[in-house]
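If you want the building blocks of each chain, they are given just below.
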Amino acid sequence: MNLRHVTSINDLDNDEIEQVFALADRYLDKLKDADHPHRIGTSMDIADGSILASLFYEPSTRTRLSFEAAMIRLGGKAIGSADPATSSAAKGESLADTVRVASNYADVLVIRHPRDGAAKLAAEYADVPIINGGDGAHEHPTQTLCDLFTLRRENKQLKNLNVAVSGDLKGSRTIHSFVYALARFGANIMLMPAKGMELPPHVDWRLRNEYRCRAVPKERYDNAAMDALYVTAKQPHQLSLMAPPDFERTVKLKKGVDVVYVTRFQKERWTEQGQDYPKVDANFLKAAKYRKTSVLHPLPRVGELDASLDHDRRAVYFRQAAYGVPIRMALISLLLDLDKRNGWKKFERGFVESTHVLFDQPIDAGIECINSNCIVHDKLEHDYARSRFHLIEAEPPRLRCFYCERDIDSFIIANRKTRHYETNASARNFPNQKRAKDFVLFADAREAEKAGYTPRMSNRKTAAR
Ligand SMILES: [Zn+2]
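Residues numbered from 1 in each chain as written. Predicted model: local features only at pLDDT ≥ 70, side-chain atom pairs only at ≥ 80, totals over all residues. Heavy atoms only, no water.

1. Focus: the coordination of the zinc ion
To keep things clear, this is the line we draw: Here the coordinating atoms are restricted to nitrogen, oxygen and sulfur within 2.8 Å of the metal centre, or 3.2 Å for Na, K and Ca, and because water is not among them the sites may look incomplete. Only DSSP runs of H or I reaching four residues or more are called helices, and only runs of E reaching two or more are called strands; each is numbered from the N terminus. Only protein chains enter the accessibility calculation, which uses a 1.4 Å probe; a residue is then buried when its area is under 20% of its type maximum, exposed when over 50%, and partly exposed in between.
Taken together, Cys369 (SG), Cys374 (SG), Cys401 (SG) and Cys404 (SG) make up the protein donors of the zinc ion, found 2.3 Å from the metal. Between the donor residues of the zinc ion, the gaps in sequence give the motif C-x4-C-x26-C-x2-C. Taken together, the residues span a long stretch of sequence, with Cys374 in the loop between strand S11 (358-360) and strand S12 (388-392) and Cys404 in the loop between strand S13 (398-401) and strand S14 (407-408) at a distance of 30 residues. No difference in accessibility class separates Cys374 from Cys404, as the two residues are buried.

2. Remarks on the packing of aromatic side chains
Rules: What counts as a ring pair is set by centres within 6.5 Å for rings of Phe, Tyr and Trp (its six-membered ring), and what kind of pair is set by the plane angle: stacked under 30 degrees, edge-to-face over 60, tilted for all other angles.
Going through the model one piece at a time under the given rule, you end up with 12 aromatic pairs. Between the aromatic rings of Phe149 and Tyr323, the centroid separation amounts to 5.2 Å while the plane-to-plane angle is 85°, which identifies the pairing as edge-to-face. One end of the pair, Phe149, is in helix H5 (residues 141-153); the other, Tyr323, is in the loop between helix H9 (317-322) and helix H10 (324-335), with 174 residues separating them in the sequence. In this structure an aromatic cluster arises from ring pairing among Phe21, Phe149 and Tyr323.

3. Regarding the sheet that holds S13
Definition in use: Note on pairing: two strands pair once DSSP finds at least 2 bridges between them. Residue contacts follow a heavy-atom distance rule, with two residues in contact if any of their heavy atoms lie within 4.5 Å. Fitted lines through C-alpha atoms give the axes, limited to the stretch in contact for helices. The angle between two N-to-C directions lies from 0 to 180 degrees.
One open sheet holds the 4 strands; their spatial order is S11-S12-S13-S14, and the pairing between them is antiparallel. The outermost strands of the open sheet, each flanked by one partner alone, are S11 and S14. Both S13 and S14 contribute to a ladder of 2 bridges, which runs antiparallel. Residue Arg400 lies in a different strand from S14, and its bridge partner there is Asp407. On top of the sheet, helix H7 (residues 201-209) reaches S12, S13 and S14; it is set at about 115° to S13, its chief contact.

4. Some details on the sheet that holds strand S1 (residues 51-56)
Where strands meet in a sheet, backbone hydrogen bonds hold them as pairs that are either parallel or antiparallel. Ordered in space as S2-S1-S3-S4, the 4 strands form an open sheet in which the pairing is parallel. The outermost strands of the open sheet, each flanked by one partner alone, are strand S2 (77-81) and strand S4 (130-135). Across the sheet, the mean angle from the axis of one strand to that of its neighbour is 15°, orientation sign disregarded. Where S1 lies against S2, 5 bridges are found, and the strand directions are parallel. Along S2, the bridge assignment pairs Ala53 with Ile79. Against the sheet, helix H3 (residues 95-102) contacts S1 and strand S3 (108-113), and its axis sits at roughly 155° relative to S3.

5. Brief notes about the packing of helix H6 (residues 173-184) against H7
Put simply, the rule reads: Throughout, the term roughly parallel applies to angles under 35 degrees, roughly antiparallel to angles over 145, roughly perpendicular to angles from 65 to 115, and oblique to all others. Lys, Arg, Asp and Glu make up the charged group, whereas Ala, Val, Leu, Ile, Met, Phe, Trp, Tyr, Cys and Pro make up the nonpolar group; the residues left over, Gly among them, are polar.
At their nearest, the axes of H6 and H7 sit 10 Å apart, and the two run at 10° to each other. Regarding the angle of H6 to H7, the classification is roughly parallel. Between H6 and H7, the contacting residues are His176, Val179, Tyr180 and Ala183 on the first element and Val203, Arg206 and Leu207 on the second. Broken down by class, the residue content of the contact of H6 with H7 amounts to 5 nonpolar, 1 polar and 1 charged.

6. Section: the pattern of salt bridges
Under the convention used in this document: One speaks of a salt bridge when a side-chain nitrogen belonging to Lys or Arg is within 4 Å of a carboxyl oxygen belonging to Asp or Glu.
Counting across every chain of the model gives 29 salt bridges. Arg64 is the salt-bridge partner of Glu68, the closest N and O atoms lying 2.9 Å from each other. Separated by 4 residues within a single helix, Glu68 and Arg64 lie in helix H2 (residues 62-73), roughly one turn from each other. You'll find Glu68 and Arg64 in the same group, each marked buried. Sharing partners across several salt bridges, the network here consists of Arg206, Glu210, Arg398, Arg400, Glu405 and Asp407.

This is the structure we're talking about:
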């Protein structure tokens, strides 16, 4: 069974993202509303007979309407459970079962869920394409496609673009997908978080280690509101040649801020009472560096973006929302091969095969994901979501949760045949995929010993010395 899922922006390569944009451009040209050229105004029939089902376990109006509108504009139909949280899940049905059942009713499923990694779990059990409509604080890939498409339509070349992201960088899934994509397309990322809402360490680690970003030292830029600045290396091979870091490129940052991306103040996440949440208004944008800025916001807003900006030429957030429809039309079209000229490569498991070794732990044994909001910790999914980790071959090695992609940087590996564990593992001596099943991972030596494992002989000798 060959298909394709989109649970993360990183499930698509840059060429595939460009394909989404090219097709969205085409749909917009062909079907635009005569009075509002950024809006789809008529429909086509290439999806005639196809059905999109939306399974939303969390309230959402815009994302859901925009997916359903996209399917209907393509000529298909949209169905959805008004609120699975009060229907199937309330009756104790797992997401794994719900998607297997819903696969019988629809050709593509859109999942929105409060747990990180829920879309990946759904993808494991569905035999139709899964699109992640937002999972916990993990990712929101279609919002990112829409954001990048907006910048492109605003004539902003992503390469070397100076993008400031402001507000809740910790809990905003939109931001996590967005910064990965910016780094992949060579943009510079300026972080302007609310206090206590800084970018999570695992996202920072990936930007630096997997997306060729360099964090610029604070003394190299003059902006009190900025918490950190990342520049992206031009070529992968520059990594080893880059000491001292790209100074000539930090100088270029003086040309100004091209984009300010504002995120919503989420009251429920706000732990530090009385702190100021960054607000973007006419006063904020007065500085010369914001003269040519585009202001984006995934909406809804709740006060962090002043309504007085709505008629400012720099405000593009309503166009950004309108582009959600052509972008989602293009994505559905490519996943379902509706446009024969542009189909994507499909895979047996729905994803490009990972290059990382996957450790598939037995249920209730060994190390667990450290993210308490991960789907593996959802009681309803207990029998369906095992603790699975990709080995990230850094030094020291890291484990990345298969579902929520949170990293663990300290752990123990034990051999199930010899019943010994390693105390100082290096990525170089880890087993390959074939042998991975002979190993089990623990949080620390105490956990390994509790499970009946002993240190490997050479380690014991070292310890005795
Ligand atoms: Zn996890």
